[in-house]
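Descriptive structure summary
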Amino acid sequence: MATATLTIDLDALISNWRALDALTEAQTAAVVKADGYGLGADRVARALMRVGVNRFFVAVAEEGAALRQAVGPKPEINVFGGHMAGDTDMISDMMLTPMLNSVNQIVRHFEALPNHPFGVQLDTGMNRLGLEEAEWAAVAQTVLTRSPTLVMSHLACADEPEHPMNPQQLATFKRLTDGISVPRSLAATGGILLGSGYHFDLTRPGVGLYGGMPFVEAAPVTGLSIPVVQVREVAAGESVGYSNTWIAERDSRVATISAGYADGLIRAMGSNVSVFADEIRCPVIGRVSMDLITVDVTDVEQDPKSVELLGLHQSVDTVAEAAGTIGYEILTSLGARYYRRYKSA
Ligand SMILES: *Cc1c(COP(=O)(O)O)cnc(C)c1O
């Protein structure tokens, strides 16, 4: 095979969901926006449905519509972006539940689809989405008489457990919602790990399901195996790749592998990462090209046919750190050229 193989372990995904679910008394939904963090929202959602997940979250209505086709009529599909202009038919036809973010959206929703389910998102300090405190005070009573499915908010700093923003947002969320009889949700992956005070009625993990930080104990979900196109001898003093950034210090063997920044292996990771030929670490050398990466296989006895970039030896977060970014970005950048293999017992 000339193209790299991305293996997605659906059993690991399920065990991550179960592990996060076991940490709370709350119901546990699953966030599958951005095509299931790059891993395929349809396959991810169908796998999670087998263990009882019946509430999903996506970013925008179009994602919800595609997901509805994959999961059928039963699961609840919530849309973080709410009820945006032009979305009414899709929300109605595809039975999507928008999380209304502003007075504008509330008016739009009540006028266009007065009997259609909705939730509400409140801003507790992140200043990204949701009703501000004063807006909520003005409309809460009217909104609550229409029985929203959920009142939710989102934490800005949940991946830093000691951050003072966490208790601050928690206090605000409580002030805005204590005493209401509608289910509440504040925690994504990071919030689950902050403890029971943050759990309320429903949690909304995303990245932890897919094996990413801050859920340190997550089982790895992704494996990436990249075929070797050719192996060459490079004499000490010769250079490899664009701009001659790597110069051999010893007589070396260099393998050229078939993936590059066009496949989401972002150029900035440069030579801060390695690939693995079985157990042997092979440093990436020279510049990452669009479709190719060069690696030093001098210490591998036999020319490898393929090497592993993601898997048991190296996590999404290790690669992210090498590239100066976060696991979320590595996952959602995973390329369209990969052959995708879904693994499940
Ligand atoms: C993306 C997102 C989530 C999931 O967050 P993770 O950190 O991936 O668990 C939950 N809620 C909202 C509002 C989001 O945007």
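Residues numbered from 1 in each chain as written. Predicted model: local features only at pLDDT ≥ 70, side-chain atom pairs only at ≥ 80, totals over all residues. Heavy atoms only, no water.

1. Considerations on the packing of helix 3 (residues 41-49) against helix 4 (residues 61-71)
So the rule is basically this: Only the contacting stretch of a helix is used when fitting its axis, a line to C-alpha atoms as for every element, and angles between N-to-C directions run 0 to 180 degrees. By the criteria applied, helices consist of DSSP H or I runs no shorter than four residues and strands consist of E runs no shorter than two, each listed in order from the N terminus. Each angle is binned into one of four classes, with values under 35 degrees roughly parallel, values over 145 roughly antiparallel, values of 65 to 115 roughly perpendicular, and all other values oblique. Definitions for this section: a left-handed crossing has its near helix turned counterclockwise from the far helix by less than a right angle. A right-handed crossing has that turn clockwise. Note on definitions: a residue-residue contact is assigned when non-hydrogen atoms from the two residues lie within 4.5 Å.
Packing of helix 3 against helix 4 leaves a shortest axis separation of 9 Å and a crossing angle of 50°. It follows that helix 3 is oblique to helix 4 by the angle criterion. The interaxial crossing formed by helix 3 with helix 4 has right-handed handedness. Note on element contacts: helix 4 touches helix 3 through L67, A70 and V71, opposite A41, D42, A45, R46 and M49.

2. Some details on the UniProt feature "binding site: substrate" (unreviewed entry) in the chain
Put simply, the rule reads: UniProt positions are given in the numbering used here, feature names are shortened, and annotations may be inferred rather than shown by experiment. Site definitions follow a grid-based scheme: protein atoms alone, a 1 Å grid, a 1.4 Å probe that fits but cannot get out for cavities, and for pockets an open set with protein on both sides within 12 Å along at least five of seven lines, plus lining residues having an atom within 4 Å of a point. Three exposure classes are used, based on accessible area relative to the maximum for each residue type with a 1.4 Å probe and protein chains only: buried under 20%, partly exposed in between, and exposed over 50%.
In the numbering adopted here, UniProt assigns the feature "binding site: substrate" (unreviewed entry) to R128 and M290. For the residues just named, distributed over 163 residues, the greatest C-alpha separation reaches 33.8 Å, placing them at more than one site. Restricting the annotated residues just mentioned to those that line the largest cavity leaves R128. Along the chain, the position of R128 falls in the loop between strand 7 (119-121) and helix 7 (133-145). The exposure class assigned to R128 is exposed, which follows from its relative accessible area of 53%. Apart from the residues within four sequence positions on either side, R128 is in contact with D123 and H154. On the secondary structure map, M290 appears in the loop between strand 16 (280-285) and strand 17 (293-296). Not counting the four nearest positions on each side in its chain, M290 is found in contact with G260, Y261, A262, D263 and R337.

3. Topic: the environment of N127
Along the chain, N127 falls in the loop between strand 7 and helix 7. Each C-alpha atom, one on N127 and one on A156, is 9.1 Å from the other, the two residues being 29 residues apart in sequence.

4. A few points about helix 6 (residues 103-112)
Rules: To be clear, the arc concerns the directions from the helix axis to the C-beta atoms.
Of the residues making up helix 6, those classed as buried are Q105, I106, H109 and F110. For helix 6, the buried positions fall inside an angular range of 125° around the axis, keeping them on one side. More than 90 degrees from the buried face of helix 6, the exposed residues found are N104 and E111. Turning to helix 6, the residues buried within the fold contact strand 6 (96-100) and helix 7.

5. Let's talk about the nonpolar core
The criterion, for reference: Each nonpolar core is a collection of buried residues, namely Ala, Val, Leu, Ile, Met, Phe, Trp, Tyr and Cys, held together in the definition by side-chain atoms within 4.5 Å. Domain borders in the structure are assigned automatically or taken from a domain database.
L48 and M269 are the most contacted members of the largest nonpolar core, which has 76 residues in total. For this core, the element with the highest residue contribution is helix 1 (residues 10-22), accounting for six residues. There are two domains that each give this core at least three residues, and those are domain 1 (10-210) and domain 2 (222-343). In contact with L48, not counting residues within four places along its chain, are L13, I14, W17, A30, V53, F56 and L209. With 21 residues, the next largest nonpolar core counts F118, W136, F173 and V182 among its residues.

6. Describing empty space enclosed by the protein
Heads up, the condition is: Grid points are joined across faces, edges and corners, and a volume is the space filled by probe spheres set on the points. In the scheme used here, Gly and all other residues not listed as nonpolar or charged are polar, with Ala, Val, Leu, Ile, Met, Phe, Trp, Tyr, Cys and Pro taken as nonpolar and Asp, Glu, Lys and Arg as charged.
Counted by the stated rule, this structure contains one cavity of 30 Å³ or more. One number sums up the size of the largest cavity: a volume of about 70 Å³. Lining of the largest cavity is provided by Q121, L122, D123, T124, M126, N127, R128, L129, S153, H154 and Q169. For the lining of the largest cavity, the class distribution of residues is three nonpolar, six polar and two charged.

7. Describing the UniProt feature "active site" (unreviewed entry) in the chain
UniProt's entry tags K33 and Y242 with the feature "active site" (unreviewed entry), counted in the numbering of this structure. An extended arrangement is adopted by the annotated residues: their sequence extent is 210 residues, and the largest C-alpha distance between any two is 35.9 Å. Set against the largest pocket, the annotated residues named above that line it are K33. As for its placement among the helices and strands, K33 is situated in helix 2 (residues 33-37). With near-sequence residues (within four places) excluded, K33 lies in contact with F57, V58, A59, E63 and F80. Within the secondary structure, Y242 is located in the loop between strand 12 (239-240) and strand 13 (246-247). With a relative accessible area of 58%, Y242 lands in the exposed category. Every residue in contact with Y242, bar those within four places of it in the chain, is listed here: R287 and S289.

8. Digging into the environment of E76
Selection criterion: The term polar contact refers here to a pair of N or O atoms within 3.5 Å; inside protein, the definition further demands a hydrogen-donor-capable atom paired with an acceptor-capable atom, and it admits residues adjacent in sequence only when both atoms are side-chain atoms.
Looking at the secondary structure, you find E76 in strand 5 (residues 76-79). Assessed through its relative accessible area of 21%, E76 is described here as partly exposed. Along the primary structure E76 and L96 are separated by 20 residues, whereas in three dimensions their C-alpha atoms are 7.2 Å apart. Non-local contacts of E76, meaning those with residues more than four positions away in its chain, are made with N54, R55, F56, T97 and T149. At 3.0 Å, the side chain of E76 forms a polar contact with the side chain of R55. Here the side chain of E76 touches N78 through a polar contact of 3.2 Å, side chain to side chain.

9. Describing the layout of surface pockets
In this structure, the largest pocket encloses a volume near 590 Å³. In terms of lining, the largest pocket is formed by 30 residues, of which the most central are D159, V207, M213, P214 and Y328. Secondary-structure elements contributing two or more residues to the lining of the largest pocket are helix 2, helix 9 (189-193), helix 10 (316-322) and helix 11 (327-333). Its residues assigned to classes, the lining of the largest pocket shows 17 nonpolar, seven polar and six charged. Here the lining of the largest pocket gathers at least three residues from each of two domains, domain 1 (10-210) and domain 2 (222-343). Lining the second largest pocket are 13 residues; nearest its centre among them are T7, T222, G223, G311 and K343. Broken down by secondary-structure element, the contributors of at least two residues to the lining of the second largest pocket are strand 1 (5-9), strand 11 (222-234) and strand 18 (306-310). Counting residues per element, the lining of the second largest pocket draws most heavily on strand 11, at four residues. Of the residues in the lining of the second largest pocket, the class split is five nonpolar, five polar and three charged.

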